[in-house]
Amino acid sequence: MNGTTTTSRHISVHIDRPLEEVYAFASNPAHLPAWAKGLGDAIEKIGDQWVAAASPMGRVTVTFAPRNDFGVLDHDVTLPSGVTVYNPVRVIADEEGSEVVFTLRRRPGVSDADFERDAGMVADDLARLRELMESPGGQR
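About the criteria used
Along each chain, residues carry numbers from 1 onward, in the same order as the chain's sequence is written. Selection of residues for local features in this predicted model requires a pLDDT of at least 70, selection of side-chain atom pairs for listing and counting requires 80 or more, and totals for whole chains, interfaces and linings are taken over all residues. Hydrogens and water molecules were not included; the side-chain quantities draw on all heavy atoms of the structure. The criterion for strand pairing is that DSSP finds at least two bridges linking the strands in question. Helix and strand assignments come from DSSP, with helices taken as H or I runs of at least 4 residues and strands as E runs of at least 2, each series counted from the N terminus. The term nonpolar core refers to a set of buried residues drawn from Ala, Val, Leu, Ile, Met, Phe, Trp, Tyr and Cys, joined through side-chain atoms within 4.5 Å. When a residue's accessible area, from a 1.4 Å probe over protein chains only, is under 20% of the maximum for its type it is buried; when over 50% it is exposed; and in between it is partly exposed. Between two residues, a contact is recorded if the distance between any of their heavy atoms is within 4.5 Å. Picture the helix axis, draw a direction to every C-beta atom, and the arc is the one those directions span. The patches described consist of residues with a relative accessible area above 30% and no salt bridge, like charges being joined within 9 Å and nonpolar side chains (Val, Leu, Ile, Met, Phe, Trp, Tyr) within 5 Å. Working definition of accessibility: Shrake-Rupley area with a 1.4 Å probe, residue cover restricted to the visible protein chains. Take a side-chain nitrogen of Lys or Arg and a carboxyl oxygen of Asp or Glu: if they are within 4 Å of each other, that pair is a salt bridge. Charge assignment in this entry is limited to Lys and Arg as positive and Asp and Glu as negative, and neither His nor the chain termini are counted. To locate a charge, take NZ of a lysine, CZ of an arginine, CG of an aspartate or CD of a glutamate.

For the rest of this paragraph, the subject is the pairing of strand β4 (residues 58-64). Inspection of the sheet shows strand β3 (residues 49-55) paired to β4 by four bridges, in the antiparallel sense. Bridging across to β4, V51 finds its partner in T61. Relative to strand β5 (residues 75-78), β4 runs antiparallel, the two being bridged by four bridges. The residue bridging T61 from the neighbouring strand is T78, located in β5.

Next up, the structure:
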């Protein structure tokens with residue numbers, strides 16, 4: 001990869017629940033530990049920021065786009081180094097269900113192996129979200 005080209009990969013999952021239900025659950029930062037394991041097992045609101053103190057990357061803050069009617073779940077993750085990583089995510093109506101699409105963007109200096117590992121982690125997170133949303137008595 002050269003320094004002027006950004007590689008993106010769209011990773012998606014179909015969820016057999018309406019867009020409104022998936023968006024309502026996934027847009028609540030308090031629910032992140034249940035499905036977004038890349039951010040760790042706990043998150044708390046400190047002031048007006050959501051902080052995952054023990055993520056695999058160290059202490060990170062997560063800032064979501066304001067709630068909206070378009071299914072936009074974009075969020076910034078600020079790493080311990082101070083670098084902020086923008087993560088575009090959409091919940092899209094798909095007949096009676098929905099599709100969640102996460103655009104993984106390859107940052108400069110990320111190796112092929114690390115990019116593939118990150119893609120696998122995102123796919124696992126989305127599969128966990130689907131499992132939560134579709135399970136009997138799940139997040140409805």
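Moving on from the coordinates now.
Looking now at the nonpolar core. Ranked by internal contacts, the top residues of the largest apolar core, which has 34 residues, are L32, W35, V100, L126 and L129. Listed by contribution, the elements that provide at least two residues to this core are β1 (8-15), α1 (19-26), α2 (32-35), β3, β4, β7 (89-94), β8 (97-105) and α3 (112-134). Among the elements that make up this core, the one with the highest residue count is α3 (six residues). Not counting residues within four places of it along the chain, the set of residues in contact with L129 comprises I15, F25, A26, W35 and V100.

Further remarks concern α1. Of all the positions in α1, only L19, V22, Y23, F25 and A26 are classed as buried. With its buried residues spanning 165° around the axis, α1 presents them on a single face. Contact partners of the buried residues in α1: β1, α2, β4, β7, β8 and α3.

Quick look at a negative patch on the surface now. Together, D16, E95, E96 and E134 give the surface a local cluster of negative charge. Structurally, E134 can be placed in helix α3.

Everything listed here is a matter of coordinates, which is why it stays silent on function.
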